[in-house]
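If you want the building blocks of each chain, they are given just below.
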Amino acid sequence: MKTLKTLLLCLVVAAFVSCDNDNDPTNNVCDESYLSIANSTVFTSANGYTLYENMDLLTHEYTMMINASGEICSIGYKNPTTYTGTYEMEVENTTTNVITSGTFTFSQSALQYQSFTTPLTVNSGDTVVVRRTISSGYTSLNETIGDIYVNSNPIPFPLVINPNATIISSNFYGAGGPVPNYGVPLIGVGFKLN
């Protein structure tokens, strides 16, 4: 009887521990550097880019092509120094017409990642839109600003961020705009590789 109880306990523990069916422990995490915009060698001063906290429009977004299959499992952002409230953060797979979203607040001092309740499945070649929209309740237009990479020249889209992602375009709109391709908003996504 004791052996049966031990066996049942082991099976229950194994069921909860084994969330992935491919036996590859390296892809069981939401990797915040895999599709990283923040750590990209593209957005450097040597390439003519500067990171500014500006663009006072309600929605900041960019469109990118994913070059790997997996799940977008988190989203990273930094609240501006002028705002401590929330944002509706969305990632839309325009290839499959599926969206994941959440309402989050972020650190004002550094890029911070928040996990989506439902990760977004993507396949190599899918196009996704990464979007942040300020929640209602902001009190002034200067609270709508956010960090964006700008260039003294027109941004040469498409931008290969790394072997895993290519940014195709960007847009800023709401309470003005649209302002397409002016800069790239600093919105990161976490990725779990299949």
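Here the structure is a predicted model, which means the values were calculated and not measured.

Draft legend 1. Spotlight on the pattern of salt bridges. Counted according to the given criterion, the structure contains five salt bridges. Note that Arg131 and Glu61 form a salt bridge whose closest N and O atoms lie 2.7 Å from each other. Of this pair, Arg131 sits in strand 7 (residues 127–134) while Glu61 sits in strand 2 (residues 59–66), and the two are 70 residues apart along the sequence. Ionic pairing is found between Glu92 and Arg131, a salt bridge with its closest N-O pair at 3.2 Å. Taken as a pair, Glu92 in strand 4 (residues 87–93) and Arg131 in strand 7 lie far apart in primary sequence, 39 residues in all. By relative accessible area, which is 12% here, Arg131 ends up buried. Because the salt bridges share partners, they merge into one network encompassing Glu61, Glu90, Glu92 and Arg131.

Draft legend 2. Main features of the side chain of Asn171. Within the secondary structure layout, Asn171 lies in strand 10 (residues 165–173). Assessed through its relative accessible area of 18%, Asn171 is described here as buried. Once residues within four sequence positions are removed from consideration, Asn171 is found in contact with Thr59, His60, Glu61, Pro178, Val179, Pro180 and Asn181.

Draft legend 3. Spotlight on the nonpolar core. Phe43, Met64, Ile75, Leu159 and Ile167 are the most contacted members of the largest nonpolar core, which has 38 residues in total. Looking at this core, the elements that each hand over two or more residues are strand 2, strand 3 (70–77), strand 4, strand 6 (112–122), strand 7, strand 9 (159–162), strand 10 and strand 12 (188–193). Excluding anything up to four places from it in sequence, Leu159 contacts Val42, Phe43, Tyr49, Ala165, Thr166, Ile167 and Val184.

Draft legend 4. Structural view of the state of the cysteines. Per the stated rule, a full pass over the model turns up one disulfide. Disulfide pairing is shown between Cys30 and Cys73; the S-S distance is 2.0 Å. Negative torsions about the S-S bond denote left-handed disulfides, and the value of about 105° found for Cys30 with Cys73 makes this one right-handed. In this pair, Cys30 sits in the loop between helix 1 (2–17) and strand 1 (49–54) while Cys73 sits in strand 3, placing the two residues 43 residues apart along the sequence. Of the residues examined, Cys30 reaches a relative accessible area of 30% and is grouped as partly exposed.

About the criteria used
Residues numbered from 1 in each chain as written. Predicted model: local features only at pLDDT ≥ 70, side-chain atom pairs only at ≥ 80, totals over all residues. Heavy atoms only, no water. Salt bridge = Lys/Arg side-chain N within 4 Å of Asp/Glu carboxyl O. Helix = DSSP H or I, 4+ residues; strand = E, 2+ residues; numbered from the N terminus. Buried < 20%, exposed > 50% of the residue type's maximum accessible area, 1.4 Å probe, protein only. Contact = heavy atoms within 4.5 Å. Core = buried A, V, L, I, M, F, W, Y, C linked by side-chain atoms within 4.5 Å. Disulfide = S-S within 2.5 Å.

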